[in-house]
Amino acid sequence: MKKITTLIVLFAVFKISTAQVSFTAVPVATNGAERAVVDMNGDFLDDIVSITATNIQIFYQQADGSFVETNITTTAADNTPSWSLAAADYDRDGYTDLLYGGGNGVTFMRSKNNGTMYEEITFPEYVFSQRSNFVDINNDGHLDAFVCHDVAPSVYYINDGTGNFTFYQGDIGDFETGGNYGSIWIDYDNDGDMDCFIAKCNVNGDVNERSENQLFENDGAGNFVEVGDAVGLKDNMQTWSATWADFDNDGYLDVFIGSSDSNFTHKLNRNNGDGTFTDISASTGIHALTTTGIENCSYDFNNDGYIDIASNGNILLNNGDLTFTLIPNALPNNNGSLGDLNNDGFIDAFSVGHIYYNDTNANNWITINTVGVESNINGIGARVSITSNLGTQIREVRSGQGFKYMSTLNTHFGLGADTEIATLTITWPSGIVDTLEDVSANQVITVVEGSTVLSLEDYMVSDLVLYPNPTEAILNLNNLDEFSNPTYTIFDLQGKQIMHSQVGANTINVEKLQAGSYILKIEDGITTKTQQFIKK
């Protein structure tokens, strides 16, 4: 039986107050394991989700900031999300499905009947689940699932396109005795496909091969190669999760690796932009944080345009110069699930029977909802970038960050004092690129894949000289004087992104492109030039 009540936010409140960022806590009557802040019914408002073996409790957020409670009875789940929860619409029916990562296996709860009931699907294989994610592993437009295994190689479930999964084990996180704790899917090398980083830990605090962090690089052809040592992220330490974000707004994802053991310090590794990383921890101020634990994630909590780090309830506030100021005990010590729980453009949290509302400030913001068409419906794996007076910021749409909890699928940016975004670009997993221009701040927008693709021909110029044209291998570029550190993107004539990287030495190697006509776009966040060329 479904019970519906309305949550009126008129409870007694208490405030967690810290310099520059503070939260006001409001009780909420949850039942079961509190696991998610995520839109469950397709209205793009973040809802609150708690789980028991036989019930899914959802507080549906309303447009006015109130909540409506719904309890959906389920069959007794063979596994509960005792170790992690992931959420996404893997069958494209418009309603969010759930993955329960349990200590003995994996259970999917598939939404049915317009989200009013759930079908339990449990796989028989033993899995000591840790972090779980939804991601399109093989980039066929359908969401797959990945689950870290503590005591054996990790597992994944490939979607056949109708919402049915096939079980696989190994290849990604395949150390014989496991040690796989915190998976996060990211595009670390800006090549347009999803790579996988796994934060690792070992029993009894021992540090050995089992606890060496791993990075699996996607070659774009369905193969994953472990490159952690080669890129400088082997990091033999004890950690249950890491958080990836562009902390210096240079267009490349950096990584904060959170220590789960007081014998090790946290690490911040800067992406050098050449496929390698440098440990810059000592100069950043992150070592002021000595508290260790299992939960680490990144959001711009004060909307100043520089993404911050939440680590076990503490916030490392990004100063904008790759240094951080510690705000201790800003949130509960598990961070909780994060999202916008009153639709005001600031990130809130949900944990231990309370909503922690961000007390906000005068900074501006924008939130983008992604709807995939050729890509998966949630746009998971999409790269979203915005350029304003502050510069360029990037985010990725992800399901499953930190260790245990599920946070919003909506994409959030702080803008500081900026009131307009010059360009907003979404690069979808399919390669399709949508671009919007002159977007006003302080709004929530929804972008459907392919709906705003610019006609590249309208932006053709004659003074970007590239030669030879046609070419067999190398494009030489002239007249780049007005650009500062530009990037290039190559599209096919249908608007799909084929290549993307920094411009180096005024040459681009297109030898691997198939013969045909392409569009070359050069940009630096201020100036954009586009020209067609032919690959022989």
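Residues numbered from 1 in each chain as written. Predicted model: local features only at pLDDT ≥ 70, side-chain atom pairs only at ≥ 80, totals over all residues. Heavy atoms only, no water.

Colleague: Kindly report on the sheet that holds strand β8 (residues 84–88), identifying the contributing residues and their values.
Modeller: Taken in spatial order, the 4 strands make up an open sheet running β8-β9-β10-β11, and their pairing is antiparallel. Because the sheet does not close on itself, it has two edges, and the strands there are β8 and β11 (117–122). Taken pair by pair, the neighbouring strands of this sheet meet at an average axis angle of 20°, ignoring direction. In this sheet, β11 lies alongside strand β10 (residues 106–112) in antiparallel orientation, the contact comprising 6 bridges. Of the residues in β11, the one forming a bridge with S111 is Y118. (Pairing = 2+ DSSP bridges. Helix = DSSP H or I, 4+ residues; strand = E, 2+ residues; numbered from the N terminus. Axes fitted to C-alpha atoms, helices over the stretch in contact; angles between N-to-C directions.)

Colleague: Which residues make up the confidence of the model for the protein, and what values go with them?
Modeller: Interpretation of this model should avoid reading the predicted coordinates in detail wherever pLDDT is low. Within the protein, residue pLDDT values average 92, and 94% of them lie at 70 or more. Contacts for the low-pLDDT stretch residues 1–14, under 50 throughout, to residues beyond four places or in other chains number 34 contacts. (pLDDT = per-residue confidence, 0-100. Contact = heavy atoms within 4.5 Å.)

Colleague: Could you give an account of the nonpolar core, with specific residues and numbers?
Modeller: F108, F134, Y157 and L424 are the most contacted members of the largest nonpolar core, which totals 52 residues. Ranked by the residues each element gives to this core, the list is headed by β8, at 4 residues. Taken domain by domain, this core gets at least three of its residues from each of domain 1 (75–324) and domain 2 (369–398 + 409–448). If you look at the next biggest cluster of nonpolar residues, it comprises 17 residues, including F197, A199, F277 and I394. (Core = buried A, V, L, I, M, F, W, Y, C linked by side-chain atoms within 4.5 Å. Buried < 20%, exposed > 50% of the residue type's maximum accessible area, 1.4 Å probe, protein only. Domains from an automatic or database assignment.)

Colleague: Can you tell me about the sheet that holds strand β14 (residues 155–159), naming the residues and giving the values?
Modeller: Hydrogen bonds between backbone atoms are what pair the strands of a sheet, whose relative direction is either parallel or antiparallel. Taken in spatial order, the 4 strands line up as β12-β13-β14-β15 in an open sheet, and their pairing is antiparallel. Looking at which strands have only one partner, the edges of the open sheet turn out to be β12 (129–135) and β15 (165–169). Mean inter-strand twist for the sheet, computed between neighbouring axes without regard to direction, equals 20°.

Colleague: Which residues make up the pattern of salt bridges, and what values do they have?
Modeller: Under the defined criterion, the tally for this structure stands at 11 salt bridges. A salt bridge links K112 to E119; its shortest N-O distance comes to 3.5 Å. Looking at K112, the relative accessible area reads 30%, which means it is partly exposed. When its relative accessible area of 32% is taken as the criterion, E119 is described as partly exposed. E396 is the partner of R383 in a salt bridge, and the nearest nitrogen-oxygen pair spans 3.1 Å. Residue R383 is found in strand β32 (residues 383–388), and its partner E396 is found in strand β33 (residues 391–396); the two are separated by 13 residues along the sequence. Where salt bridges share partners, they join D248, D250 and R270 into one cluster. (Salt bridge = Lys/Arg side-chain N within 4 Å of Asp/Glu carboxyl O.)

Colleague: Talk me through the pairing of strand β35 (residues 420–427); I want residue IDs and the actual numbers.
Modeller: Regular strands place their side chains on alternate faces of the sheet. Taken together, the 5 bridges between β32 and β35 define a ladder with antiparallel strand orientation. The partner of S385 across the bridge, within β35, is T425. Alignment of β35 against strand β36 (residues 433–440), held across 7 bridges, turns out to be antiparallel. Of the residues in β36, the one forming a bridge with I421 is V439.

Colleague: Now, about the pairing of β10: what can you tell me, with residues and values included?
Modeller: Of all 7 residues in β10, 6 are buried; the element is thus mostly enclosed. Note: strand β9 (residues 97–101) against β10, 4 bridges, orientation antiparallel. Each bridged residue has a counterpart across the sheet, and for L98 the counterpart in β10 is M109. Taken together, β9 and the strand that follows it, β10, pair antiparallel across an intervening segment of 4 residues. Connecting the antiparallel pair β10 and β11 is a turn made up of 4 residues, with N113 showing a positive phi of about 55°.

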